[in-house]
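Observations on the three-dimensional arrangement
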Amino acid sequence: MKMLQKFLLLLGSVQLALVAAQTSGNFSILSYNVAGLPELLSSGDPATNTPLISSRLKAYNIINVQEDFNYHAALYASDTHAYRTPTSGGAGLGSGLNTLSDFPYADLNRVKWDACNLNSGDCITPKGFTFARVSVSVADAAGGFLVDVYNLHTDAGSDEGDISARAKNFAQVAAYIQKSSVGMPVIVMGDTNARYTRPGDSESLHSFLSTTGLTDLWVSKIRGGSFPSSGADDLVCQFPFPVGTSQADMNACEVVDKIFVRGNPALSFSFPRSTYANAHTAFIDASGAPLSDHYPILSTLVWELSPYVHMGDAVVGGPHGDAFNDLVDLFPTSQPPIASSAVPRLTSITLRGANRLDAISHTVQLPSTTSPAPSKTLTHGGTGGSPSTLTLSSNERITQIKACSGKHNSRTRVFYIELTTNTGRAVSAGKQTGDCVVMNAPGASAAAWGLVGFYGRSGDEVDRVAPLWAVVQ
Ligand SMILES: *[C@@H]1O[C@H](CO)[C@@H](O)[C@H](O)[C@H]1NC(C)=O
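No experiment lies behind these values; they were computed from the predicted model shown.

Details of the sheet that holds strand S17 (residues 345-353)
- With respect to topology, four strands assemble into an open sheet ordered S19-S18-S17-S20, the strand pairing being antiparallel. Of all strands in the sheet, those with a lone pairing partner are strand S19 (375-381) and strand S20 (386-391), marking the two edges. For this sheet, the mean inter-axis angle between neighbouring strands, taken without regard to orientation, is 15 degrees.
- Pairing of strand S18 (residues 357-365) with S19 involves seven bridges; the strand directions are antiparallel. Across the sheet, residue Ala 359 finds its bridge partner in S19, namely Gly 381.

Considering the site of the ligand
- As a matter of local geometry, the ligand sits amid Asn 26, Arg 273, Thr 300 and Val 302.
- Here an oxygen atom of the ligand and a side-chain polar atom of Asn 26 are 2.3 Å apart.
- In isolation the ligand exposes 360 Å². Once the protein is present, 32% of that is buried.
- A class-by-class count of the residues in the shell around the ligand yields one nonpolar, two polar and one charged.

Some details on the nonpolar core
- If you look at the biggest cluster of nonpolar residues, it comprises 50 residues, and the most contacted ones within it are Phe 27, Tyr 150, Ile 187, Val 188 and Phe 208.
- Beyond its immediate chain neighbours, meaning those up to four positions away, Val 188 contacts Tyr 150, Leu 152, Ile 177, Phe 208, Leu 214, Lys 258, Ile 259 and Phe 260.
- Of all hydrophobic cores here, the second largest spans 45 residues; its members include Phe 324, Phe 331, Leu 346 and Leu 357.

So, the sheet that holds strand S9 (residues 215-216)
- The sheet built from six strands is open, its strands ordered S5-S6-S7-S8-S10-S9 with mixed pairing. Pairing within the sheet leaves two strands with one partner each, and these edge strands are strand S5 (105-112) and S9.
- Here strand S7 (residues 145-153) pairs with strand S8 (residues 186-191) via six bridges, running parallel. When the sheet's bridge partners are listed, His 153 is paired in S8 with Asp 191.
- The strands touched by helix H5 (residues 201-212) are S8, S9 and strand S10 (257-262); relative to S10, the strand with the most contacts, the crossing angle is about 20 degrees.

Examining the domain arrangement of the protein chain
- Per the domain assignment, the segments making up the protein chain are domain 1 (23-305) and domain 2 (309-471).
- Computed over C-alpha atoms only, the centres of domain 1 and domain 2 are separated by 35 Å.
- Taken residue by residue, the interface counts 15 residues in domain 1 and 18 residues in domain 2.
- Across the domain 1 to domain 2 interface the summed buried area is about 1,400 Å²; carbon plus sulfur atoms make up 62%.
- At the surface where domain 1 touches domain 2, the tally comes to two salt bridges.
- Across the pair Lys 179 and Asp 322 runs a salt bridge whose closest N-O atoms are separated by 3.1 Å.
- The tally of links between domain 1 and domain 2 comes to four residue pairs in polar contact (both at pLDDT 80 or more).
- The residue makeup of the side of domain 1 that touches domain 2, split by class, is six nonpolar, seven polar and two charged.

Considering the state of the cysteines
- For the structure on display, the rule yields three disulfides.
- The disulfide bridge from Cys 404 ends at Cys 436, spanning 2.1 Å between sulfur atoms. Handedness here is read from the sign of the S-S torsion; for Cys 404 and Cys 436, about 100 degrees, the answer is right-handed. With Cys 404 in strand S21 (residues 398-408) and Cys 436 in strand S24 (residues 436-440), this residue pair connects regions lying 32 residues apart in the sequence.
- For Cys 436, a relative accessible area of 29% corresponds to the partly exposed category.
- Along the protein chain, the cysteines engaged in disulfide bonds are linked according to the scheme 1-2, 3-4, 5-6 when indexed in sequence order.

Details of the pairing of strand S22 (residues 411-421)
- Taken across its eleven residues, S22 has eight buried, putting it largely inside the fold.
- Pairing of S21 with S22, which is carried by ten bridges, proceeds in the antiparallel orientation. Along S22, the bridge assignment pairs Ile 398 with Thr 421.
- Linking two consecutive strands that pair antiparallel, namely S21 and S22, is a turn of two residues; a positive phi of about 50 degrees is found at Asn 409 within it.
- Here S22 runs beside strand S23 (residues 426-430); their pairing, made up of five bridges, is antiparallel. Paired with Leu 419 across the bridge in S23 is Val 427.

Comments concerning unusual backbone geometry
- Between Phe 239 and the following residue, Pro 240, the backbone shows a cis peptide bond with an omega angle of -10 degrees.
- Mapped onto the elements, Pro 240 comes out in the loop between helix H6 (217-221) and helix H7 (247-252).
- With a phi close to 55 degrees, Glu 67 is a non-glycine residue in the positive phi region.
- Note that Glu 67 resides in the loop between strand S2 (62-66) and helix H3 (72-77).
- The residue Asn 409 is not glycine, and still its phi comes out positive at about 50 degrees.
- Checked against the element boundaries, Asn 409 lands in the loop between S21 and S22.

Conventions adopted
Residues numbered from 1 in each chain as written. Predicted model: local features only at pLDDT ≥ 70, side-chain atom pairs only at ≥ 80, totals over all residues. Heavy atoms only, no water. Pairing = 2+ DSSP bridges. Helix = DSSP H or I, 4+ residues; strand = E, 2+ residues; numbered from the N terminus. Axes fitted to C-alpha atoms, helices over the stretch in contact; angles between N-to-C directions. Near = heavy atom within 4 Å. Polar contact = N/O pair within 3.5 Å; in protein donor to acceptor, adjacent residues only side chain to side chain. Areas by Shrake-Rupley, 256 points an atom, 1.4 Å probe, with all protein chains shown as cover. Nonpolar A, V, L, I, M, F, W, Y, C, P; charged D, E, K, R; others polar. Core = buried A, V, L, I, M, F, W, Y, C linked by side-chain atoms within 4.5 Å. Buried < 20%, exposed > 50% of the residue type's maximum accessible area, 1.4 Å probe, protein only. Contact = heavy atoms within 4.5 Å. Domains from an automatic or database assignment. Buried area = accessible area lost by both parts, 1.4 Å probe. Salt bridge = Lys/Arg side-chain N within 4 Å of Asp/Glu carboxyl O. Disulfide = S-S within 2.5 Å.

Right, dumping it as structure tokens:
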């Protein structure tokens, strides 16, 4: 019996090794307002409850907490996540926002709201939102994928001043998402202090969703896509839930804590396969009482990588200039998942450079049934340097990129790029440094992968660059 088990185990691991690149998976996300204000101000009992919360966090892959103020050390004490944001300070100094993650993150940015309304203590401490680009690892030669994770805590209260400050908070974070997360998958989770049933908040939430293209997981999973109407009877959850409340009833009521997500052409989130739940029962004390004055909300988010579009994850350069992402222009109307017939073809590319990389400009032929197919030229960077152009022949594609970074005026930028095709032709610009990366098209499958564009950051030069690969028709 023992031998047989061992043999089956061995067989299992051999099969694992033979399995092709992983194209679907899931991770869990949790949003929790942990009521960590100083004991006198807190509406919860943080001194007792924070250690109890801490020891239960390890079950979740990415956690956004709000009101993590004066019990921060206790919140992290029994937690083992490998990546956690450092506190921005106790009440009065910090935003109370932190992220705990099993995956590494980069570019953490804490942004304070421009607007606050005096009541509910909103202007006493710098509330706002955070941005972090999380790198989800996947058992796959092509690496993982990136998703931009936002945590937020909007203005509290329900008078006119609060509703108006909240509308401004939503507009501020929406504008930031549009700019900084252009073309990226996004998760926003936090304490919105807003309900769809409350007039004013309803409009703010709807305009936030339509501006950003995000989906509210509670509305999608629990309400079948039907939004509660503005001004309708509220759907507020009982607090605490009476003993015996069913999980379905816990999920059905509306909390102000919300999860919003969107995919992109390279990565989609499957709403039918993902889950949403009020995680009340996972965060109660021995007597069954909640550990905070908010309920934790939980989702297992199921992701699917596109078989036709892939964002290269080796990023060269620094966090300066403005974000760009060619996915937005390459797939202007298609919603993920993308069909193979929607993939454009790169036909020529011009690099400008001298001491550094000044600009990249490339032309793609858009998929079309009309002949000649329409084309589009995308340009990033400035007008300095001298141009070198490579025009691809009909069965030629760029399959390798070498890129180097260096410092100029104490900012990290792209100094050099070299693109090589499957027939061995190459074009380059700029100057090589000692800090270079070679990136290859995902080559494991028989499909003809080639470069289709870039994402990164640029201004009057190219600040950061990474490849977008696609299966060329
Ligand atoms: C998430 O992945 C695990 C491991 O593959 C699997 O057991 C579980 O059923 C998945 N959950 C969902 C909601 O797909």
